[in-house]
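# Tertiary structure, described
Chain residues, written in single-letter form:
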Amino acid sequence: MINFRPPETKTRSSLGSSSSVVTAEKALSFISKGWQEVRSSADADLQLIKNRASSFKNLADRELENFINSASKSPFTVPTITASATTTPAEIEFVKKLRPKLSEIRRAYSSPEFKWPAQGKLRIDLSSIKNVIVAEVEEEEEDERERWRKWRRERFKEEGQFGEFNWEPIKAFKTRLRELEVDLKGGSSSSPVDIFEGIKNSEFVVKVKSSLGVPPLDVPELLAYLVRQSSPFLDQIGIRRDISEKIVDSLCSKGRSKLLLHSLPEGGSSLTDGEIMNDELDLRIASVLQSTGHCYEGGFWGDSTKQNLLGDKRHVAIVTTASLPWMTGTAVNPLFRAAYLAKSEKQNVTLLVPWLCKSDQVLVYPNQLTFSSPEDQELYIRNWLEERIGFKANFKISFYPGKFSKERRSIMPAGDTSQFIPSRDADIAILEEPEHLNWYHHGKRWTDKFNHVVGIVHTNYLEYIKREKNGALQAFFVKHVNNLVSRAYCDKVLRLSAATQDLPKSLVCNVHGVNPKFLKIGEKAAADRQSGQQVFSKGAYFLGKMVWAKGYRELIDLLANHKTDLDGFNLDVYGNGEDAHEVQSIAKRLNLNVNFMKGRDHADDSLHGYKVFINPSLSDVLCTATAEALAMGKFVVCADHPSNEFFQAFPNCLTYRTPDDFVSKVQEAMSSEPQPLTPEEQYKLSWEAATQRFMEYSDLDKVLTSETSLYRRRQKGMGKSVSMPNLAEMVDGGLAFVHNCFTGNEFLRLCTGAIPRSRDYDQEHCKDLHLLPPQVENPIYGW
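Residues numbered from 1 in each chain as written. Predicted model: local features only at pLDDT ≥ 70, side-chain atom pairs only at ≥ 80, totals over all residues. Heavy atoms only, no water.

Under the definition given, this model contains 20 aromatic pairs. Measuring from ring centre to ring centre gives 6.1 Å for Tyr 574 and Tyr 610, while their planes differ by 80°; the resulting arrangement is edge-to-face. Here Tyr 574, found in strand β11 (residues 571-574), pairs with Tyr 610, found in strand β13 (residues 610-615); they are 36 residues apart in sequence, far enough to count as distant. The same class applies to Tyr 574 as to Tyr 610, namely buried. Look at Phe 646 and Phe 647: their rings are 5.6 Å apart centre to centre, the planes differ by 80°, and that puts the pair in the edge-to-face class. Classification of Phe 646 as buried rests on a relative accessible area of 18%. Taken together through their ring pairs, the aromatic side chains of Tyr 541, Phe 542, Tyr 552, Tyr 574, Tyr 610 and Phe 613 make up a single cluster. For Arg 337, the ring lying beneath its charged end belongs to Phe 694, and the centroid distance is 5.4 Å. (Phe/Tyr/Trp six-rings, centres within 6.5 Å; stacked < 30°, edge-to-face > 60°. Helix = DSSP H or I, 4+ residues; strand = E, 2+ residues; numbered from the N terminus. Buried < 20%, exposed > 50% of the residue type's maximum accessible area, 1.4 Å probe, protein only. Lys NZ or Arg CZ within 6 Å of the ring centre and 35° of its normal.)

Next up on the list: the confidence of the model for the protein. The predicted coordinates of low-pLDDT regions are not to be read in fine detail. Predicted confidence across the protein gives a mean pLDDT of 76, with 66% of residues reaching 70 or more. Here residues 74-87 scores under 50 on pLDDT; set against residues more than four positions off or in separate chains, the count is 9 contacts. Note on residues 118-122: pLDDT is under 50 here. Beyond four places in sequence and across chains, it has 3 contacts. (pLDDT = per-residue confidence, 0-100. Contact = heavy atoms within 4.5 Å.)

Spatial strand order, β12-β11-β10-β13-β14-β15: 6 strands in an open sheet with parallel pairing. In this open sheet, the two edge strands, each paired with only one partner strand, are β12 (594-597) and β15 (653-656). This sheet shows a mean twist of 25° between the axes of neighbouring strands, independent of strand direction. The pairing of strand β14 (residues 635-639) with β15 spans 4 bridges and is parallel. In the sheet register, Ala 639 faces β15, and the bridge partner there is Tyr 656. Strands β10 (538-543), β13, β14 and β15 of the sheet are contacted by helix α22 (residues 624-631), whose axis makes an angle of about 160° with β13. (Pairing = 2+ DSSP bridges. Axes fitted to C-alpha atoms, helices over the stretch in contact; angles between N-to-C directions.)

With that settled, the discussion passes to the sheet that holds strand β8 (residues 492-495). Taken together, 8 strands build an open sheet; the order of strands is β5-β4-β3-β2-β6-β7-β8-β9 and the sheet is mixed. Every other strand in the sheet has two partners, leaving β5 (410-413) and β9 (506-508) as the edge strands with one partner each. Here the strands of the sheet are splayed against their neighbours by 30° on average, with no regard to which way each runs. Examined bridge by bridge, strand β6 (residues 428-432) and strand β7 (residues 452-457) share 5 bridges and lie parallel to one another. Following the sheet pairing, Ala 429 is matched in β7 by Val 453. Against the sheet, helix α12 (residues 329-343) contacts β2 (314-319), β3 (347-355), β6 and β7, and its axis sits at roughly 165° relative to β3. Contacts between helix α14 (residues 374-389) and the sheet are confined to β3 and β4 (396-405), with β4 contributing the most and set at about 110° to the helix.

It is worth spelling out the pattern of salt bridges at this point. In total, this model carries 16 salt bridges according to the counting rule given. The salt bridge partner of Asp 620 is Lys 550, with a shortest N-O separation of 3.8 Å. With Asp 620 in the loop between β13 and α22 and Lys 550 in the loop between β10 and α20 (552-561), this pair connects stretches of sequence that are 70 residues apart. What makes Asp 620 buried here is its relative accessible area of 8%. Among the residues examined, Lys 550 registers a relative accessible area of 28% and is labelled partly exposed. What emerges from the salt-bridge pattern is a single network uniting Glu 387, Arg 388 and Asp 601. (Salt bridge = Lys/Arg side-chain N within 4 Å of Asp/Glu carboxyl O.)

Listed below in structure tokens is the structure:
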């Protein structure tokens, strides 16, 4: 702040008073001058507006006057429909009628005394104009009505009133109705039942039935079809499938002859009494619908669009839950399946495997092996495969984001796995472990995106879960979830053995083969034996991931309870796993004759000299190591269990039912020599035979050879007719919709054991796989 010092000749008070007076006078002068300028400007603007309004009024008056004068003095002609002469049109007369009214309006608002209303509302009496217009319209309507009456009299020859005209078709119809009424009643005392029977057996109804060509459906047939189509829903709520089939059979039993008569083609063979009526009922329903001309275009949930597949080859996408170098069944077997499907070169094949970030690779892959990019891991996979199959497999390997769950000791998909198969290649999908892939799947339904979806069940998850805390309760929920995802996301499910859960749309078939390298080892062992060389110089061994669920509990119990009977018997165990320390500690405490070794490849040279492979596991579905041991010409001692049913046909497979039987089978194997495999047995174990079985039981051979090459349409259910709606497909779609809503909620996912934030892939996956962020791939609008 700056301070000014006043002059010495004046005081502060006198100076301040004079300066304030001067300032006030200047301010008043400025305000007065500004107000005068504003008033002058406003006056000028108001005058300008007034002049423009007056000019506009004069112009409107002149235009209206010119219009009226030209209309009254200059008549013109308009051609009419009925006359060719030139006359004055009705429009001119109408304008003449309006002229006095318009003149009154013009004089009213042109008068000097006329003032606009204060509120901007102009009130003019337009009732005269309204009356003129209404009169004109009423005259035209009256003329129109008169013309309509004249036409109607000429057309229908009216006799007093319009309702009683003499139209021949209506008259004939009314006559037939009276005759039908007389035929049905047959007297005033007829009961409702008699009337109903009369309607049913009347000539009119008989003619309608004959015109249809196919007799209409009866009530029992409709109920039977409803129950049969509802069987998926009934099965989901606990009503067994056999009960539904009995209900359907009882409803169809009375009409069996009718079904056979109208469903089988002429000259077809008759069915035996023990055959189920499902196909006949389907054909019966389809024939009735087709006779009506109805065409079904898709269900409420289904996608009836056609897939436009480019090129001459079909495309097969194999999606699995694990990848090399993790030596597990779901990593090895799908790899061989892809190689042998691509070997025929009849279809293009893509293998879709999970990609783990480095933090998870350390936890999963053996010997601290990690990969910096998907390309490096793909190179490792191809080199490992080509060393074992002996030919170059021409198929594509792709990756989807995955995360490792320590609690479940498995890899779980992150995000929508189906999006990593382009739509142009979405033809046939093979889901290895479909329940595992779809537990938390939140994305497009597989059966909507692909033309044919096959699931292959590898693992007996219920057996694993029962071993955990609260296992029975968890197994109950997992069983129903597996039923749901299998029904909603697959067209057909193949179970490797009967040890797995009985899933909807499933059948049992071993579609796995053996690495060709093991068959060559067995051929070499047979050749060495023929030449007199000693082939097996070692005793018994067991190989498997060292976790309790792989059979280590059963193995320790058998060896501990029969230590005396198996005196002198030594067992070498190869494996790594999470329970390795605990397994070794218990075996050491019980003083068992077991030697623990690090895990290694089953084809390793150090394992060729063993003669007996011991596998007491009861949780396996189809043990790959058992098949490999048989292929190498060894004895296999295993439990009499559904998982080993495929191997029981081989003479070198020794199965036991009781612990005492286990001891006798071990002693038999240790004291004898295994038989060489025959060519038929070798082929049965090969991947060529496994691929052939897979093509047959999955219906892939029919799908791939279908005549419709480029445009194919999925047909669910019976496939007899696209005209028939399928209730089962609607139920499957509803279950898929419910599952999708459930898996979209993060809280519900966490409650059921999902990996946190696994509904979408994370930033590290985006960096490794060169993906756009999930927010860009699936934007959310409407905030």
